[in-house]
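Letter by letter, the chains look like this.
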Amino acid sequence: MKKKFCVAGLLLASTLALGEEKSIKLEESVITSENTETTVADIPKNITVLTGEEISQRGAKSVAEALKLVSSVVVKEMGGADAAFDMRGQGATAKSNVIVLVDGAPINSIDLSGYQTSNIAVDNIERIEVIPSGGSVLYGDGAIGGTINIVTKAPENKLNYGSLNTEIGSYGLKKQHLTYGTKLGEKLLVEVDYLKKEKDGYRDYEKDDLENFGFRTRYKLDKGEVKFKYNYSKNKFRAPGSLNELEVEEDRTQSNSNVWRVDGKTEKNNFAGDYVYNINSELEFKLLGTYAHESYSSNGSNYKTEIKYVKPQLKYTYLKESYLVFGGDLYKGETKDFAYGKGKSEKNSLGGFLINSSTINNFRFTQGYRRQNIEYKGDKLSNKKFKEDAIELTGSYLYSDSGSTYVGYTKGFRTPNTDEINAWDGEFIPQKSETYEIGVKDFVGNTYVSSSLFYIETENEIFYGINENGDAKKNRNLNGTSKRKGIEFSLEHYFDKLTISESVTYMKTEFKKGKDIPGIPNVKGVLNLNYKFNEKLSFNNSWEYYGNSFANGDEENKGKKVDDYFLSNLTAMYDFQDGLIITVGVNNLFDEKYYNYVGYNSKGLSYYPAAERNYYVGFKYSF
């Protein structure tokens, strides 16, 4: 019954196209595509932009929860690890095939830990930009699946402002978030914030406690600006491990002490600087730099990671709507293991890129090229160097004031991370992908439309599994060509008080002699309805649909498929118009019994049950 209701809602919403309200979607600013500000309309990709307002309206409490409401992203969560974001069927290696950025700077590590987004306060997010299969030229190694840029709010040009946000909810949720900003003189803006969140979790032996402190400055120059950010976070967590089918039927909230359970903590310091200078009306210079230091300990493991990143860039506008962007990036990553192996691993790279975008009448053409040198060093790594290329070619035709169609070709690459190399079978080489894409975006009546078809071929795919002889699982380059093809389709309708958005991604994957890539649902759909009763009261109802898939690790497709399921969340907000906002919400409204993760091994399926129906209420006061 629930499935019929949701499908009917999708069909009904997609037929509504009344009114003449002007679109703001196509004019939304985006910086991810070429590290220079442009608009959704100008990017020849099927980009999705989630604004901070939308994230708040939909009741998302983390970056992972926000991205669940994007059909082109499948969020994977397994106890003890930060969520992985899968775009266009990357499967088990999604964390190494998608680059996650904060304000344009990659936060991916050099090992399997990938990126950490749970320590980012959603209240500080201006918007999230999602570009499937985008970024191989601008960011290089690991952008095969695409890029996700989390753009944070800059300090405001006000003398005194701030907010206090507190929240309580099911499973022992308690959250307090304080923000204060001020203006020092005419040019310097400063903002600090402190976040503390505690949560016991849905299952036994599950806990997630986070403390986060942030400091941000913004200094205005006559022809540019300088930004500096510092962030400190400390996270203590426990994860209960997996259950078998009988244990799930007995009690899905239990923890099995006989399986791997996680008890760990992380501590991270992150520094970032951003300098922009407009040399003249044609030349803009940017310099971005970050330094991150993280320590991690869990179940006997203990290691520290350092990441240094510098990216200079120059943009030359040679005609009104034509420009050239060229620059480079230097990346140095080091991990020290103080427990099992007691060794050091390094991954360093130096890259240069060139992007040209030219407009001729109603046509826009973009060409991009990158060369990247990558070097591995370490106590357990044999020194090895690679020289890799990335290419991007796109063409767009602007057939009306709001409509455009585009075609694109991208060649990208991904080298192994250091953890993969430490458990590798044979000689390792980079995997390479070619992506072909056609799409259209427009605003018709009161409806924004965006759709794309894509086809991806990957050679030497890096994968953890058994070889053709059935030997023990290790990381290796697969023989043959992996294929991913699909369609992404989204609509957003604007009415007087109601906004309805729907998006659907259908995908077919193939690797290892025609087998499906495990862990990838064939369909993901999202429906969101937001209704503003008046200036004070608003209501939001979101729906997510996940199609069936083979369990993670079932590379031979021998086990039964994981069932499809629907999720629905409900949020209501009341703004007193005096600085106070009250939010109440229900997650998993219809109490769906589903799983964050389902694994497969010789003993059968292993389950990580997800939370049942749960509630929260929040109070935010701003001044």
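Reading the values: the criteria
Residues numbered from 1 in each chain as written. Predicted model: local features only at pLDDT ≥ 70, side-chain atom pairs only at ≥ 80, totals over all residues. Heavy atoms only, no water. Helix = DSSP H or I, 4+ residues; strand = E, 2+ residues; numbered from the N terminus. Buried < 20%, exposed > 50% of the residue type's maximum accessible area, 1.4 Å probe, protein only. Contact = heavy atoms within 4.5 Å. Areas by Shrake-Rupley, 256 points an atom, 1.4 Å probe, with all protein chains shown as cover. Lys, Arg positive; Asp, Glu negative; His and termini not counted. Charge placed at Lys NZ, Arg CZ, Asp CG, Glu CD. Core = buried A, V, L, I, M, F, W, Y, C linked by side-chain atoms within 4.5 Å. 1 Å grid on protein atoms, 1.4 Å probe; cavity = no way out; pocket = protein on both sides within 12 Å on 5 of 7 lines; lining within 4 Å. Points joined across faces, edges and corners; volume = space filled by probe spheres on them. Nonpolar A, V, L, I, M, F, W, Y, C, P; charged D, E, K, R; others polar. Phe/Tyr/Trp six-rings, centres within 6.5 Å; stacked < 30°, edge-to-face > 60°. Lys NZ or Arg CZ within 6 Å of the ring centre and 35° of its normal. Patch = residues over 30% accessible without salt bridge, like charges linked within 9 Å, V, L, I, M, F, W, Y side chains within 5 Å. Salt bridge = Lys/Arg side-chain N within 4 Å of Asp/Glu carboxyl O. Pairing = 2+ DSSP bridges. pLDDT = per-residue confidence, 0-100. Polar contact = N/O pair within 3.5 Å; in protein donor to acceptor, adjacent residues only side chain to side chain.

(A) Summary view of the overall build of the protein. When its secondary structure is counted, the protein shows six helices and 37 strands. Its C-alpha atoms give the protein principal-axis dimensions of about 60 × 50 × 50 Å. Looking at the protein residue by residue over its 623 residues, the buried ones come to 53%. Contacts in the protein between residues at least 24 apart in sequence constitute 61% of all its contacts with a sequence separation of at least 6. About 27,300 Å² of surface is accessible on the protein, with carbon and sulfur atoms providing 55% of the total. Here the protein contributes 81 positive and 86 negative side-chain charges, whose respective centroids are spaced 3 Å apart.

(B) Up close: the nonpolar core. By size, the foremost hydrophobic cluster in this structure holds 27 residues, and its most contacted members are Tyr-139, Phe-353, Ile-355, Tyr-376 and Phe-428. Elements supplying a minimum of two residues to this core: β6 (98–102), β16 (283–298), β17 (301–319), β18 (322–337), β19 (344–360), β20 (363–378) and β21 (384–397). Of all the elements, β18 adds the most residues to this core, at three residues. When near neighbours in sequence (up to four residues on either side) are disregarded, Tyr-376 contacts Glu-346, Lys-347, Leu-381, Ser-382, Asn-383, Lys-384, Phe-386, Thr-415, Pro-416, Thr-418, Ile-421 and Phe-428. Grouped together as the second largest cluster of nonpolar side chains are 26 residues, Val-75, Met-87, Val-122 and Ile-148 included.

(C) The arrangement of the layout of surface pockets in detail. Looking at the second largest pocket, its volume works out to about 750 Å³. Around the second largest pocket, the lining is made up of 32 residues, and of these Glu-53, Ser-56, Gln-57, Met-573 and Ile-581 lie nearest the centre. Across the lining of the second largest pocket, the residue classes tally to 11 nonpolar, nine polar and 12 charged.

(D) Summary view of the packing of aromatic side chains. With the rule as written, the count across this model stands at 28 aromatic pairs. Seen in terms of ring centroids, Phe-85 and Tyr-115 are 5.4 Å apart; in terms of plane orientation they differ by 15 degrees. Their pairing is stacked. Here Phe-85 is found in strand β5 (residues 84–87), whereas its partner Tyr-115 is found in the loop between β7 (105–106) and β8 (125–132), with 30 residues between them in sequence. Ring pairing ties together the aromatic residues Tyr-376, Phe-386, Trp-424 and Phe-428, which thus form one cluster. Against the face of Tyr-616 rests Lys-61, its NZ or CZ located 3.3 Å from the ring centre.

(E) Structural context of a positive patch on the surface. On the surface, a cluster of positive charge is made up of Lys-308, Lys-332, Lys-377, Lys-385 and Lys-387. According to the relative accessible area criterion, Lys-377 is partly exposed, its value standing at 31%.

(F) Just the pattern of salt bridges, in detail. Inspection of every chain in the model, using the stated rule, returns 34 salt bridges. Here Lys-227 ties to Glu-225 by a salt bridge, and the two come within 3.6 Å at their closest N and O atoms. A salt bridge links Glu-612 to Lys-593; its shortest N-O distance comes to 3.4 Å. One end of the pair, Glu-612, is in the loop between β36 (604–609) and β37 (614–622); the other, Lys-593, is in the loop between β34 (580–587) and β35 (595–601), and 19 residues separate them in sequence. Residue Glu-612 is classed as buried on the basis of its relative accessible area of 19%. If you follow the salt bridges from partner to partner, you end up with Arg-88, Glu-437 and Glu-488 in one network.

(G) Expanded view of the sheet that holds β7. Overall, mixed pairing links the five strands, which are arranged β3-β8-β9-β6-β7 in an open sheet. The sheet is open, and its two borders are formed by β3 (48–51) and β7, each paired with just one other strand. Across five bridges, β6 lies against strand β9 (residues 146–152) in parallel orientation. Residue pairing across strands places Val-98 opposite Gly-146, the latter belonging to β9.

(H) Quick look at the confidence of the model for the protein. Scored by pLDDT, the protein has a mean of 90; 92% of the residues are at 70 or more. The low-confidence segment residues 1–23 (pLDDT under 50) makes 40 contacts with residues lying over four places distant or belonging to another chain.

(I) Representation of unusual backbone geometry in the model. The residue Tyr-171 is not glycine, and still its phi comes out positive at about 60 degrees. Locating Tyr-171 in the fold gives a position in the loop between β10 (160–169) and β11 (173–184). Of note, Asn-588 is a non-glycine position whose phi angle comes to about 55 degrees, a positive value. Tracing the chain through its elements places Asn-588 in the loop between β34 and β35.

(J) Quick peek at a nonpolar patch on the surface. On the surface, Leu-164, Leu-178, Tyr-180, Tyr-194, Phe-213, Tyr-621 and Phe-623 cluster together to form a nonpolar patch covering roughly 660 Å² of accessible area. Judged by relative accessible area, which is 34%, Phe-213 ranks as partly exposed.

(K) Broad picture of the side chain of Asp-123. For Asp-123, the location among the structural elements is in the loop between β7 and β8. Not counting chain neighbours up to four residues away, the residues in contact with Asp-123 comprise Lys-153, Asn-165, Lys-175 and His-177.

(L) Examining the side chain of Gln-431 more closely. When you line up the elements, Gln-431 lands in strand β23 (residues 431–444). Judged by relative accessible area, Gln-431 falls into the buried class, the value being 1%. Of note is the side chain of Gln-431, whose polar atom sits 3.4 Å from the side chain of Asn-97. Apart from the residues lying within four places of it in its own chain, the contact partners of Gln-431 are Asn-97, Ile-144, Gly-412, Phe-413, Arg-414, Thr-458, Glu-459, Asn-460, Glu-461 and Ile-462.

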